[in-house]
Amino acid sequence: MFRRERPQKGRYRQFTQAGVEWVGDAHPSTDAHVIDVAVDVLDRIGVLQHTVLEINTLGDGESQRAFSDALAAYLERYRDSLSSDSVLRLDRGSVLRVLDSKSEQDQAVLHD
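Q: Tell me what's going on with the overall build of the protein chain, and back it up with residues and numbers.
A: From N to C terminus, the protein chain includes four helices and zero strands. The order of helices and strands in the protein chain, counted from the N terminus, is α-α-α-α. The proportion of buried residues among the 112 residues of the protein chain is 15%. Expressed as a percentage of contacts within the protein chain between residues at least 6 apart in sequence, the contacts between residues at least 24 apart total 24%. Carbon together with sulfur atoms contributes 50% to the accessible area of the protein chain, which is approximately 9,500 Å² in total.

Q: Hey, could you go over helix 1 (residues 28–44) for me, with residue numbers and the actual values?
A: Spanning 17 residues, helix 1 covers 25 Å between terminal C-alpha atoms, matching the ideal 24 Å at 1.5 Å per step. Gly 46 sits one or two residues past helix 1 and shows a positive phi near 85°.

Q: For the pattern of salt bridges, give the residues involved together with the corresponding values.
A: Per the counting criterion, the structure on display carries four salt bridges. Between Asp 40 and Arg 44 there is a salt bridge; the shortest N-O distance is 2.9 Å. Of the two residues, Asp 40 and Arg 44 are both situated in helix 1; the distance of four residues between them amounts to about one turn of the helix. We classify Arg 44 as exposed; its relative accessible area is 68%. Notably, a salt bridge pairs Asp 100 with Arg 97, separated by 3.6 Å at the nearest N-O pair. Exposure remark for Asp 100: the relative accessible area of 45% places this residue in the partly exposed category.

Q: For the side chain of Asp 106, give the residues involved together with the corresponding values.
A: On the secondary structure map, Asp 106 appears in helix 4 (residues 104–111). No salt bridge forms around the buried Asp 106; measuring N to O, its nearest opposite-charge neighbour Arg 89 is 5.8 Å away. Among residues more than four places away in sequence, those in contact with Asp 106 are Leu 82, Ser 83, Ser 86 and Ser 101.

Q: Can you tell me about a nonpolar patch on the surface, naming the residues and giving the values?
A: Judged by side-chain polarity, Val 20, Val 37, Val 41, Ile 45 and Val 47 come together as a nonpolar surface patch covering roughly 360 Å² of accessible area. Along the chain, Val 41 turns up in helix 1. The exposure class assigned to Val 41 is partly exposed, which follows from its relative accessible area of 41%.

Q: Any details on the environment of Thr 51? Residues and values, ideally.
A: Along the polypeptide, Thr 51 turns up in the loop between helix 1 and helix 2 (61–77). Taking the C-alpha atoms as reference points, Thr 51 and Val 39, twelve residues apart in sequence, are found 9.3 Å from one another. A polar contact of 2.7 Å, which involves the side chain of Thr 51, links it to the backbone oxygen of Val 47.

Q: So, the nonpolar core: which residues are in play, and what are the values?
A: The biggest cluster of nonpolar side chains holds nine residues, and these are Leu 71, Tyr 74, Leu 75, Leu 82, Val 87, Leu 90, Val 95, Val 98 and Val 109. Every element with two or more residues in this core is listed here: helix 2 and helix 3 (84–92). Sorting elements by how many residues they give to this core places helix 2 first, with three residues. Not counting the four nearest positions on each side in its chain, Leu 71 is found in contact with Val 95, Leu 96 and Leu 99.

Here is what the cut-offs are and how they apply
- Residues numbered from 1 in each chain as written.
- Predicted model: local features only at pLDDT ≥ 70, side-chain atom pairs only at ≥ 80, totals over all residues.
- Heavy atoms only, no water.
- Helix = DSSP H or I, 4+ residues; strand = E, 2+ residues; numbered from the N terminus.
- Buried < 20%, exposed > 50% of the residue type's maximum accessible area, 1.4 Å probe, protein only.
- Contact = heavy atoms within 4.5 Å.
- Areas by Shrake-Rupley, 256 points an atom, 1.4 Å probe, with all protein chains shown as cover.
- Expected span 1.5 Å × (residues − 1).
- Salt bridge = Lys/Arg side-chain N within 4 Å of Asp/Glu carboxyl O.
- Lys, Arg positive; Asp, Glu negative; His and termini not counted.
- Patch = residues over 30% accessible without salt bridge, like charges linked within 9 Å, V, L, I, M, F, W, Y side chains within 5 Å.
- Polar contact = N/O pair within 3.5 Å; in protein donor to acceptor, adjacent residues only side chain to side chain.
- Core = buried A, V, L, I, M, F, W, Y, C linked by side-chain atoms within 4.5 Å.

So, in C-alpha coordinates, the structure goes:
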(Lines give C-alpha, C1' and ligand atoms only; values in the text may rest on other atoms or scores of the structure.)
Protein backbone atom coordinates (compact mmCIF):
# COMPACT_ATOMS: atom_id res chain seq x y z
CA MET A 1 0.00 0.00 0.00
CA PHE A 2 1.00 3.61 -0.43
CA ARG A 3 0.17 6.58 1.75
CA ARG A 4 -0.94 9.87 0.26
CA GLU A 5 1.58 12.48 -0.87
CA ARG A 6 3.14 13.37 2.49
CA PRO A 7 3.07 10.72 5.23
CA GLN A 8 3.28 11.77 8.86
CA LYS A 9 6.68 12.02 10.51
CA GLY A 10 8.09 8.59 11.27
CA ARG A 11 5.88 6.79 8.74
CA TYR A 12 6.97 5.36 5.43
CA ARG A 13 5.21 6.08 2.17
CA GLN A 14 5.03 2.40 1.29
CA PHE A 15 3.79 -0.10 3.87
CA THR A 16 2.26 -3.54 4.20
CA GLN A 17 -0.88 -4.22 6.16
CA ALA A 18 -2.89 -7.34 6.94
CA GLY A 19 -6.09 -7.83 8.86
CA VAL A 20 -8.53 -10.43 10.11
CA GLU A 21 -12.23 -9.68 10.48
CA TRP A 22 -15.26 -11.67 11.51
CA VAL A 23 -18.62 -10.27 10.48
CA GLY A 24 -21.99 -11.05 12.02
CA ASP A 25 -21.23 -12.18 15.55
CA ALA A 26 -20.89 -9.69 18.41
CA HIS A 27 -20.03 -12.25 21.11
CA PRO A 28 -16.72 -11.56 22.93
CA SER A 29 -15.46 -15.07 22.16
CA THR A 30 -15.44 -14.07 18.49
CA ASP A 31 -12.80 -11.46 19.25
CA ALA A 32 -10.69 -14.11 20.96
CA HIS A 33 -11.06 -16.39 17.94
CA VAL A 34 -10.01 -13.64 15.51
CA ILE A 35 -6.93 -12.91 17.64
CA ASP A 36 -6.12 -16.63 17.69
CA VAL A 37 -6.39 -16.84 13.89
CA ALA A 38 -4.13 -13.79 13.47
CA VAL A 39 -1.55 -15.23 15.89
CA ASP A 40 -1.63 -18.55 14.01
CA VAL A 41 -1.01 -16.79 10.67
CA LEU A 42 1.89 -14.79 12.12
CA ASP A 43 3.38 -17.99 13.54
CA ARG A 44 3.05 -19.86 10.23
CA ILE A 45 4.83 -17.14 8.28
CA GLY A 46 7.59 -17.00 10.89
CA VAL A 47 7.18 -13.52 12.31
CA LEU A 48 5.32 -14.21 15.55
CA GLN A 49 8.51 -14.13 17.62
CA HIS A 50 9.12 -10.58 16.34
CA THR A 51 5.58 -9.42 17.03
CA VAL A 52 4.08 -7.58 19.99
CA LEU A 53 0.35 -8.05 20.44
CA GLU A 54 -1.34 -5.01 21.95
CA ILE A 55 -5.06 -5.19 22.66
CA ASN A 56 -7.04 -2.03 23.18
CA THR A 57 -10.76 -1.88 23.83
CA LEU A 58 -13.38 0.43 25.24
CA GLY A 59 -15.68 -2.50 25.93
CA ASP A 60 -19.29 -2.75 24.83
CA GLY A 61 -21.49 0.08 23.55
CA GLU A 62 -22.62 1.08 27.04
CA SER A 63 -19.03 1.25 28.31
CA GLN A 64 -17.97 3.28 25.27
CA ARG A 65 -20.75 5.82 25.85
CA ALA A 66 -19.88 6.10 29.54
CA PHE A 67 -16.19 6.64 28.74
CA SER A 68 -16.97 9.20 26.03
CA ASP A 69 -19.31 11.08 28.38
CA ALA A 70 -16.72 11.13 31.16
CA LEU A 71 -13.99 12.26 28.75
CA ALA A 72 -16.22 15.01 27.33
CA ALA A 73 -17.01 16.26 30.85
CA TYR A 74 -13.29 16.31 31.68
CA LEU A 75 -12.34 18.12 28.45
CA GLU A 76 -15.10 20.70 28.89
CA ARG A 77 -13.35 21.88 32.06
CA TYR A 78 -10.23 22.58 29.95
CA ARG A 79 -11.96 23.89 26.82
CA ASP A 80 -9.94 27.13 26.87
CA SER A 81 -6.69 25.16 26.97
CA LEU A 82 -7.51 22.89 24.01
CA SER A 83 -6.47 23.49 20.39
CA SER A 84 -9.12 24.80 18.00
CA ASP A 85 -9.25 21.39 16.27
CA SER A 86 -9.95 19.63 19.56
CA VAL A 87 -12.65 22.15 20.50
CA LEU A 88 -14.34 21.42 17.15
CA ARG A 89 -14.10 17.68 17.79
CA LEU A 90 -15.57 18.18 21.24
CA ASP A 91 -18.43 20.25 19.81
CA ARG A 92 -19.14 17.68 17.08
CA GLY A 93 -19.31 14.85 19.58
CA SER A 94 -16.09 13.26 18.29
CA VAL A 95 -14.54 13.39 21.74
CA LEU A 96 -12.41 10.25 21.26
CA ARG A 97 -10.63 11.95 18.35
CA VAL A 98 -9.18 14.45 20.83
CA LEU A 99 -7.07 11.57 22.15
CA ASP A 100 -5.36 11.40 18.72
CA SER A 101 -4.25 15.04 18.83
CA LYS A 102 -0.56 15.74 18.41
CA SER A 103 -0.95 19.31 19.70
CA GLU A 104 1.29 20.03 22.67
CA GLN A 105 -1.46 22.00 24.41
CA ASP A 106 -3.88 19.08 24.00
CA GLN A 107 -1.28 16.62 25.19
CA ALA A 108 -0.73 18.73 28.31
CA VAL A 109 -4.46 18.55 29.11
CA LEU A 110 -4.61 14.81 28.38
CA HIS A 111 -1.48 14.09 30.41
CA ASP A 112 -3.21 15.24 33.57
